[in-house]
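Each chain, letter by letter, is given below.
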Amino acid sequence: MYGSRVVHLLLISLANIKMGVRNKGSSHAFLLLALMPIAKFTYPNSQMCGVLNARLFHQCLNIVLEPLKQAAHIGQMMADPIGNIRYCFTPLVSYIVDMPEACMLACVRFNTSPVTTAMYKEFGDLDRHQPCTTATTLSHQLVSIDCDVADVAEYFAACEQFQLSGVSHPFYRDWPLAEPSQFITPESLHEWHHKFWDHNVHWCTQALGAAKLDFRFSIVPRVTGLRHFSSEITKLKQVSGRAQRDIQ
C-alpha cells in the first residue's frame with residue numbers, strides 16, 4: 001500500500017490443481033481474493049491490541065468467505081475446465097500459514113499447538129494428543145466462558161484456562177467439515193527451511209563438529225537444480241531461503 005497503511009493479502013486456489021502447476025507464478029493459480037486490514041488500535045495494552053486484531057481478522061474472513069461457506073452447505077453449479085456443468089461443494093481444504101498465523105486462526109495462544117490440544121509443557125510427550133477440532137473449541141471451551149465478549153481484558157483472562165486467544169467467533173465455526181487440525185498447512189519457507197537451518201543444522205554441527213559437517217557437504221555430488229556448497233556452510237552469514245532449501 002502506501003504510507004503507514006498496510007494490508008494482508010488473502011489468496012485463493014483450488015486443491016485439485018497439481019502442485020507443479022500451482023507453484024509456478026506464470027500459471028496464476030493463486031488469485032487475489034481480498035485485502036485484509038491490519039489495524040492500529042489505541043488500546044493501552046499491546047496484548048489486547050493483538051486480541052482485537054485477531055478478532056478483526058476472523059470477522060473479515062467470515063464476511064469474505066461467506067459465499068464459499070454457502071456453497072459448502074448447499075452446493076453450487078460450476079463449469080469444469082472443458083465446459084461441463086458440475087454440482088460442486090467448497091470445503092476448506094488448506095490454509096497455508098506460518099506458526100503465529102496458525103495460532104491466530106486456531107484461536108489459541110502462541111504457547112499452544114494450533115493442531116492439537118497440547119500445551120507448551122506437553123510438547124515433548126510421547127503420547128499423541130487429541131486434535132484441535134471445531135467442536136472442542138466451540139462446544140466445550142468457548143461455551144463455558146461466562147463473561148462479556150465486549151470486555152476484551154476480562155474475556156481474554158477467562159480464556160486462559162483453555163489457552164484460547166480471546167477470539168469468540170472463529171471464521172470456520174459454520175463451515176462444514178472445517179477442522180483446524182486438518183486445514184492448517186505449514187508455510188514451507190518458515191516452517192520447513194528456516195526451522196531446518198536454525199535448529200537441525202545447529203544440532204548436526206554440535207554432534208559432528210563444524211569441520212566434519214562442512215567436509216561432508218563439500219563432497220556431495222553436484223545435482224542439477226541444487227546449489228553445491230564447496231565452501232563452509234557453517235560460516236555462511238547471509239543465507240537466503242533458496243540456500244536453506246538446498247542445504248536441507
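Calculation criteria
Every chain's residues receive numbers from 1 upward, in the order its sequence appears when written. pLDDT decides what is reported in this predicted model: residues at 70 or higher carry local features, side-chain atom pairs at 80 or more are listed and counted, and totals for whole chains, interfaces and linings draw on all residues regardless. Just so you know, side-chain values use all the structure's heavy atoms and leave hydrogens and water out. Definition of nonpolar core: a set of buried residues of the types Ala, Val, Leu, Ile, Met, Phe, Trp, Tyr and Cys, connected through side-chain atoms within 4.5 Å. For every residue, the accessible area obtained with a 1.4 Å probe (protein chains only) is divided by the maximum for its type, and the residue is called buried under 20%, exposed over 50%, and partly exposed between those limits. Secondary structure is summarised from DSSP: a helix means a run of H or I of at least four residues, a strand means a run of E of at least two, and numbering begins at the N terminus for each. Only the six-membered ring of Trp is used, alongside the rings of Phe and Tyr, when aromatic pairs are assigned; centres must lie within 6.5 Å, and planes under 30 degrees apart are stacked while those over 60 apart are edge-to-face, with the rest tilted. Whether a charge sits over a ring comes down to the Lys NZ or Arg CZ being within 6 Å of the ring centre and within 35 degrees of the ring normal. Geometry is summarised by axes, namely lines fitted to C-alpha atoms with helices restricted to the contacting stretch, and by angles between N-to-C directions that run from 0 to 180 degrees. Oblique is the label for any angle not covered by the other classes, which are roughly parallel (under 35 degrees), roughly antiparallel (over 145) and roughly perpendicular (65 to 115). Throughout, a contact is declared for two residues whenever any of their heavy atoms are within 4.5 Å. For salt bridges, the criterion is a side-chain nitrogen of Lys or Arg within 4 Å of an Asp or Glu carboxyl oxygen.

## Notes on the nonpolar core
Reasoning step 1: If you look at the biggest cluster of nonpolar residues, it comprises 32 residues, and the most contacted ones within it are Leu61, Tyr95, Leu105, Phe171 and Phe183.
Reasoning step 2: Contributions of two or more residues to this core are made by β2 (31-37), α2 (46-64), β5 (95-97) and α4 (99-106).
Reasoning step 3: If one sorts the elements of this core by residue count, α4 sits on top with 5 residues.
Reasoning step 4: Formed by 9 residues, the second largest nonpolar core is a distinct cluster that contains Leu213, Val239, Ala243 and Ile247.

## Observations regarding the packing of aromatic side chains
Reasoning step 1: Evaluated as defined, the whole model comprises 5 aromatic pairs.
Reasoning step 2: When the ring centre of Phe156 is taken as origin, the NZ or CZ atom of Arg109, which lies over that ring, is 3.9 Å away.

## Here's the deal with the packing of helix α8 (residues 188-208) against helix α9 (residues 210-218)
Reasoning step 1: The geometry of α8 relative to α9 is characterised by a closest axis approach of 6 Å and an angle of 115° between their N-to-C directions. What the angle tells us is that α8 and α9 run roughly perpendicular. Here Val201, Cys204, Thr205 and Leu208 of α8 lie close against α9, whose contacting residues are Ala210, Lys212, Leu213 and Arg216.

## A word on the pattern of salt bridges
Reasoning step 1: Evaluation of the coordinates by the stated rule reveals 2 salt bridges.
Reasoning step 2: Close ionic contact of Asp174 with Lys69 constitutes a salt bridge, the shortest N to O distance being 2.9 Å. With Asp174 in the loop between α6 (152-158) and α7 (180-183) and Lys69 in helix α3 (residues 66-74), this pair connects stretches of sequence that are 105 residues apart.
Reasoning step 3: Owing to a relative accessible area of 33%, Asp174 belongs among the partly exposed residues under this scheme.
Reasoning step 4: For Arg86, the salt bridge goes to Asp80, with nearest N and O atoms at 2.9 Å.
Reasoning step 5: With a relative accessible area of 16%, Asp80 lands in the buried category.

Note that all results are geometric; they support no functional claim without further evidence.
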